[in-house]
Amino acid sequence: MAAEICAGRLITLDERLRELDFGDWEMAEWKAVFASQEGKKWFADYVNTRCPNGESFADQIGRMRSFLAATRAANNSNLLVFAHAGSLRAMMCLLHGKTPEEAFNTPLAYGRILTFDPETI
């Protein structure tokens, strides 16, 4: 596992760091999702609208808030986190004060390294 190689030790998995739960849309073709009525509703307000049987970006931000609060409570000041772009964008909202729109307009290349200060939450 790449994370273990980079960390140089075994890693701890945390479900709160998973990508947005797209529910019924997991593995669906985005063109078809966008063409559907539910898709149009979600794309118009992905922050608050949940994917069918999934979650909204606000839900994902809540998971990140929980993760960061637990990290802070455990006094873990130095962490190496491997996460999907959606999770990183949620952290941008919480730790950099970005709006969801600003976070989603921030390019995130595959393998990009970001730094965050968890004390800001």
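What you are looking at is a predicted structure, and each value in this text was computed from that prediction instead of being measured.

Observations regarding the packing of aromatic side chains
Working step 1: By the definition in use, this model includes eleven aromatic pairs.
Working step 2: Ring plane angle 75 degrees and centroid distance 4.9 Å describe the contact between phenylalanine 57 and phenylalanine 104, whose orientation is recorded as edge-to-face. Within this pair, whereas phenylalanine 57 is found in helix α4 (residues 57-73), its partner phenylalanine 104 is found in helix α6 (residues 100-104), the two being separated by 47 residues in sequence.
Working step 3: You can call phenylalanine 104 partly exposed: its relative accessible area is 35%.
Working step 4: An aromatic cluster is defined as three or more aromatic residues linked by ring pairs; in this entry it consists of Phe22, Trp25, Trp30, Phe34, Trp42, Phe43, Tyr46, Phe57 and Phe104.
Working step 5: The residue whose ring lies beneath lysine 40 is phenylalanine 34, and the NZ or CZ to ring-centre distance is 5.1 Å.

Description of the nonpolar core
Working step 1: Residues Trp42 and Phe57 are the most contacted members of the largest nonpolar core, which totals 23 residues.
Working step 2: Elements that contribute at least two residues to this core include exactly α4 and α5 (85-95).
Working step 3: Apart from residues no more than four positions distant in its own chain, phenylalanine 57 is found in contact with Leu20, Tyr46, Val47, Gly86, Arg89, Ala90, Cys93, Pro100 and Phe104.

Some thoughts on the side chain of serine 56
Working step 1: Along the chain, serine 56 falls in the loop between α3 (37-44) and α4.
Working step 2: There is a polar contact of 3.3 Å between the side chain of serine 56 and the backbone oxygen of valine 47.
Working step 3: For serine 56, the contacting residues outside a window of four places in its chain are Leu20, Tyr46, Val47, Asn48, Thr49 and Arg50.

What counts, and at which threshold
- Residues numbered from 1 in each chain as written.
- Predicted model: local features only at pLDDT ≥ 70, side-chain atom pairs only at ≥ 80, totals over all residues.
- Heavy atoms only, no water.
- Phe/Tyr/Trp six-rings, centres within 6.5 Å; stacked < 30°, edge-to-face > 60°.
- Helix = DSSP H or I, 4+ residues; strand = E, 2+ residues; numbered from the N terminus.
- Buried < 20%, exposed > 50% of the residue type's maximum accessible area, 1.4 Å probe, protein only.
- Lys NZ or Arg CZ within 6 Å of the ring centre and 35° of its normal.
- Core = buried A, V, L, I, M, F, W, Y, C linked by side-chain atoms within 4.5 Å.
- Contact = heavy atoms within 4.5 Å.
- Polar contact = N/O pair within 3.5 Å; in protein donor to acceptor, adjacent residues only side chain to side chain.

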